[in-house]
Amino acid sequence: MGFLDAILGRSKPVRPDLDQLFALPSAAVTLQAAAGFEPTGLGSVCFASVEGGTFARIQEEARSLLDGSVEFTQDAYGYTWLLARHPRGDVAGLVNDLHAVNTSLEEAGFGPQLLCSLVGFRDERQRSLALVYLYKRGTFYPFSPKEGGGEKRDNPLELEVRAMLGDDLTIEQDLARWFPVWGAPGL
């Protein structure tokens with residue numbers, strides 16, 4: 001950061017650190033012990049699609065890398081979601097797959113298209129919760145849609161989870177960046 005940037009209050013953007021995804025298995029143990037949330041075995045990566053043969057090749061590599069246990073979908077906003085499936089207790093394996101996909105996209109020059117990754121959880125009351133990694137911020141936040149449909153969040157639960165996981169994950173401090181991921185695969 002230069003002198004002019006300091007005077008004008010500009011800062012360099014945080015570089016994504018995909019290795020932070022490896023903190024999720026520890027956070028999953030904390031979530032299960034403290035709040036009864038168990039992993040669903042589902043996780044996803046969201047990215048802005050681009051046209052071209054290289055991007056199609058990366059998608060095929062992801063399919064082969066994850067032994068075909070992957071689905072691609074597009075949401076209403078035109079973003080592509082890659083859904084990975086693992087046995088419920090295999091958070092480490094799921095995180096490895098999500099990390100591999102993110103790394104492949106980044107190394108192929110598609111880092112700017114990466115938006116987020118998430119891992120899904122559910123409790124005995126069937127409440128859904130996702131731990132979302134914001135690629136461009138290098139931070140996590142909890143997202144919990146309220147039951148019963150509609151686009152309402154369980155904000156008290158999200159804040160409770162933030163307090164629980166403060167020692168396990170780098171939590172996004174700016175609540176305005178806790179974007180809803182309505183209908184995200186894996187949630």
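If you're wondering where the values come from, they're calculated on a predicted model, not measured in any experiment.

## Quick word on the overall build of the protein chain
Reasoning step 1: Helix and strand content of the protein chain: five helices and six strands.
Reasoning step 2: When the helices and strands of the protein chain are read in sequence order from the N terminus, they spell out α-α-β-α-β-β-α-β-β-β-α.
Reasoning step 3: Relative to the globule expectation of 16 Å for 187 residues, the C-alpha radius of gyration of the protein chain, 17 Å, shows essentially globular dimensions.
Reasoning step 4: The principal-axis extents of the C-alpha atoms in the protein chain amount to approximately 50 × 45 × 30 Å.
Reasoning step 5: The proportion of buried residues among the 187 residues of the protein chain is 44%.
Reasoning step 6: Considering only residue pairs separated by 6 or more positions, the protein chain has 63% of its internal contacts joining residues 24 or more positions apart.
Reasoning step 7: Looking at the protein chain as shown, the accessible area adds up to about 9,600 Å², and 52% of this sits on carbon and sulfur atoms.

## Focus on the side chain of Gln-20
Reasoning step 1: Looking at the secondary structure, you find Gln-20 in the loop between helix 1 (3–8) and helix 2 (24–35).
Reasoning step 2: Judged by its relative accessible area of 19%, Gln-20 is buried.
Reasoning step 3: Polar contacts involving the side chain of Gln-20 include one to the main-chain carbonyl oxygen of Gly-138, which spans 3.3 Å.
Reasoning step 4: Filtering out sequence-adjacent residues up to four positions away, Gln-20 remains in contact with Tyr-133, Gly-138, Phe-140 and Thr-170.

## Overview of the sheet that holds strand 6 (residues 139–143)
Reasoning step 1: If you trace the six strands from one edge of the open sheet to the other, you get 2-3-1-4-5-6, paired in antiparallel fashion. The open sheet has two edge strands, strand 2 (70–74) and strand 6, and neither has a second partner. With strand direction ignored, the average angle separating the axes of adjacent strands in the sheet is 20°.
Reasoning step 2: Direction of pairing for strand 1 (residues 38–48) relative to strand 3 (residues 79–85): antiparallel, over a ladder of seven bridges. Following the sheet pairing, Leu-42 is matched in strand 3 by Arg-85.
Reasoning step 3: In the packing of helix 2 onto the sheet, the strands contacted are strand 1, strand 4 (114–122), strand 5 (128–134) and strand 6, and the crossing angle to strand 5 comes to about 150°.
Reasoning step 4: Of the strands in this sheet, strand 1, strand 3 and strand 4 are in contact with helix 4 (residues 91–110), which crosses strand 1 at around 5°.

## Regarding the pattern of salt bridges
Reasoning step 1: Applying the stated criterion across every chain yields a total of six salt bridges.
Reasoning step 2: Its salt-bridge partner being Glu-158, residue Arg-153 comes within 3.1 Å of it at the nearest N-O pair. An identical accessibility class is assigned to Arg-153 and Glu-158; each is buried.
Reasoning step 3: Its salt-bridge partner being Asp-174, residue Arg-177 comes within 3.7 Å of it at the nearest N-O pair.

What counts and how
Residues numbered from 1 in each chain as written. Predicted model: local features only at pLDDT ≥ 70, side-chain atom pairs only at ≥ 80, totals over all residues. Heavy atoms only, no water. Helix = DSSP H or I, 4+ residues; strand = E, 2+ residues; numbered from the N terminus. Rg over C-alpha atoms; globule rule 2.2 N^0.38 Å. Buried < 20%, exposed > 50% of the residue type's maximum accessible area, 1.4 Å probe, protein only. Contact = heavy atoms within 4.5 Å. Areas by Shrake-Rupley, 256 points an atom, 1.4 Å probe, with all protein chains shown as cover. Polar contact = N/O pair within 3.5 Å; in protein donor to acceptor, adjacent residues only side chain to side chain. Pairing = 2+ DSSP bridges. Axes fitted to C-alpha atoms, helices over the stretch in contact; angles between N-to-C directions. Salt bridge = Lys/Arg side-chain N within 4 Å of Asp/Glu carboxyl O.

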